[in-house]
Amino acid sequence: MKIPQRKELAFFAVLMLGLAVFAALLFEAGFRLLERRALAQTFHHGPGRVHLPDPRWGWKPSTGTFESGSPEFRATGNINELIMNGPPYDAPADARRTRILVLGDSHTFAVGVSLQDTWPQALEGLLGPGFRAYNSAYPGYNLHQYLLRLKDQGPTVKPHYVVVGLSYATDLYDLLPADRGGWTYAERMERDYFDFDAAGKLVPRHWKEESSAAGRAPLSPAISARRFLEHFASFRYLRRSKLALFLGSKLKFRGQSLWPNMEVVLEREVSPAHAYQWRLFFALLGELQKESRRQGAQLVVVGIPYLPQVYDEVWDTTFGGSEGFSKTAAIERVAAWCRDRSIAYVDTLDAFRSATKSSGRWLHFRLDAHPNAEGHGVIARTLLDSGAIQKRIRP
């Protein structure tokens, strides 16, 4: 039997490597074509909801009506004079109503859902004509911006209730300032935020990349790896597939998975890596309660669950096989904290799970992963049934 020579082995190795690279390039080219077709169905029309820089909030939407669409949805909305997704502001009429200021991110704004179907607007309809809900949520916002908008816009609308749409998808993750490895969204945008001083007191601060004394901490290896993968259409297209979710939850980079926003929510015991996030989260929530009380309003927190918490198929594929994780870990922690401080906490996980099992349908868009109109309806009805919002008139 002839023994292959070194040159033949080297040639064979180079050939196999070349074929692997060619296959990878072909694979990526195919998904770029699929992505291009999907992008052809993605649009934004109208003057409203164009992202504008804001030195205090970071960013905000332009005013006016808009229509947006993707392969999964078509949605319309209106950014009114209050820079909120809602009907025109009518101060005299609203003075005779119970007023609800809603704070949140894209899960409350809401991406992919028309104005009349968003859960704040649906809640207003369920409560009746004596109520007015103001939706000040916006995509990419976090608890820092929730508090800023309450401080800035609460005195204008004079709310009886301040309702935080707590998104378990990102609100416990997108908290860290730049000097601790943040921000998750629009990382270069100037903004105000809050952090602890040397004495442990939560104080206001300002971030501007070119002039910040704090500087920017390097991203974690897991986040760096994820951002690298996001350059590839194959990853972007398959990121919600079972295989991608499985790998994202199992592969570790220095102890952190590629799905870190879910790790902080699902881990039964708070890890040292997430201790600061939880401390900052509760401090910001505490400030939201103080500011609500200062304005004469009652704070209500509504928990909005994410994919692994709602859908067994996602849970089983990702974190379900580990004893260290639980669907309700963060929910129980937040609910207990709110209960100890007399904050009304309304959780919607059971309602989501019951509705999806009953209908056999997802209440989130499968690709986009935001709650769809049916999901928003579940949030609105659960909040209504909780009795946390009652009619109150105050001039």
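What you are looking at is a predicted structure, and each value in this text was computed from that prediction instead of being measured.

About the criteria used
Residues numbered from 1 in each chain as written. Predicted model: local features only at pLDDT ≥ 70, side-chain atom pairs only at ≥ 80, totals over all residues. Heavy atoms only, no water. Helix = DSSP H or I, 4+ residues; strand = E, 2+ residues; numbered from the N terminus. Rg over C-alpha atoms; globule rule 2.2 N^0.38 Å. Buried < 20%, exposed > 50% of the residue type's maximum accessible area, 1.4 Å probe, protein only. Contact = heavy atoms within 4.5 Å. Areas by Shrake-Rupley, 256 points an atom, 1.4 Å probe, with all protein chains shown as cover. Lys, Arg positive; Asp, Glu negative; His and termini not counted. Charge placed at Lys NZ, Arg CZ, Asp CG, Glu CD. Phe/Tyr/Trp six-rings, centres within 6.5 Å; stacked < 30°, edge-to-face > 60°. 1 Å grid on protein atoms, 1.4 Å probe; cavity = no way out; pocket = protein on both sides within 12 Å on 5 of 7 lines; lining within 4 Å. Points joined across faces, edges and corners; volume = space filled by probe spheres on them. Nonpolar A, V, L, I, M, F, W, Y, C, P; charged D, E, K, R; others polar. Polar contact = N/O pair within 3.5 Å; in protein donor to acceptor, adjacent residues only side chain to side chain. Pairing = 2+ DSSP bridges.

Asker: Tell me about the overall build of the chain, and please be specific about residues and values.
Answerer: Within the chain one finds 15 helices and 14 strands. Against the compact-globule benchmark of 21 Å for 395 residues, the chain has a radius of gyration of 23 Å, which places it among compact chains. Projected onto the principal axes, the alpha-carbon positions of the chain cover approximately 95 × 50 × 45 Å. Taken across its 395 residues, the chain has 53% of its residues classed as buried. Excluding contacts between residues fewer than 6 apart, the proportion of contacts in the chain whose partners are at least 24 apart in sequence is 71%. Surface summary for the chain: the accessible area is close to 18,500 Å², and the carbon and sulfur share equals 59%. Seen as two clouds, the 50 positive and the 40 negative side-chain charges of the chain have centres 1 Å apart.

Asker: So, the packing of aromatic side chains: which residues are in play, and what are the values?
Answerer: In this description, an aromatic ring pair is defined by two values, namely the gap between the centres and the angle between the planes. Following the criterion strictly, the structure yields 14 aromatic pairs and no others. Consider the rings of Trp-59 and Tyr-141, whose centres lie 5.7 Å apart with planes at 55°: the pair is tilted. In this pair, Trp-59 sits in strand β3 (residues 58-61) while Tyr-141 sits in the loop between β7 (131-135) and α5 (143-157), placing the two residues 82 residues apart along the sequence. Across the pair, exposure class does not vary: Trp-59 and Tyr-141 are buried alike. Through pairs of rings, three or more aromatic residues link up here, namely Trp-59, Phe-66, Phe-109, Tyr-138 and Tyr-141.

Asker: I'd like to hear about empty space enclosed by the protein, residue by residue, with values.
Answerer: Under the definition given, this model contains 1 cavity of 30 Å³ or more. The volume enclosed by the largest cavity comes to roughly 50 Å³. Lining the largest cavity are 14 residues, with Phe-66, Ala-75, Phe-109, Ala-110 and Val-113 positioned closest to its centre. For the lining of the largest cavity, the secondary-structure elements that each account for two or more residues are β4 (64-69) and β5 (74-79). With 3 residues, the single largest contributor to the lining of the largest cavity is β5. A breakdown of the residues in the lining of the largest cavity according to their chemical character gives 7 nonpolar, 6 polar and 1 charged.

Asker: Outline the side chain of His-364, listing residues and values.
Answerer: Structurally, His-364 is set in the loop between α14 (349-359) and α15 (373-386). Within the structure, His-364 has its side chain in polar contact with the backbone oxygen of Pro-305 (distance 3.5 Å). In this structure, His-364 is in contact with Pro-305, Tyr-306, Leu-307, Val-310, Tyr-311, Phe-352, Ala-369, His-370, Pro-371 and Asn-372, ignoring residues within four places of it in sequence.

Asker: So what's going on with unusual backbone geometry? Which residues, and what values?
Answerer: The residue Arg-49 is not glycine, and still its phi comes out positive at about 65°. By the secondary structure assignment, Arg-49 is in the loop between β1 (43-45) and β2 (51-54). With a phi close to 60°, Ser-342 is a non-glycine residue in the positive phi region.

Asker: I'd like a description of the pairing of strand β6 (residues 98-103), backed by residues and values.
Answerer: Burial analysis of β6 places 6 of its 6 residues in the buried class, which makes it a mostly covered element. Of the two faces of β6, both are covered, the one formed by Thr-98, Ile-100 and Val-102 as well as the one formed by Arg-99, Leu-101 and Leu-103. Sheet topology note: the β6/β7 ladder contains 5 bridges and is parallel. Bridging across to β7, Ile-100 finds its partner in Ala-133. Relative to strand β8 (residues 161-167), β6 runs parallel, the two being bridged by 4 bridges. Bridge pairing links Ile-100 to Tyr-161 in β8.

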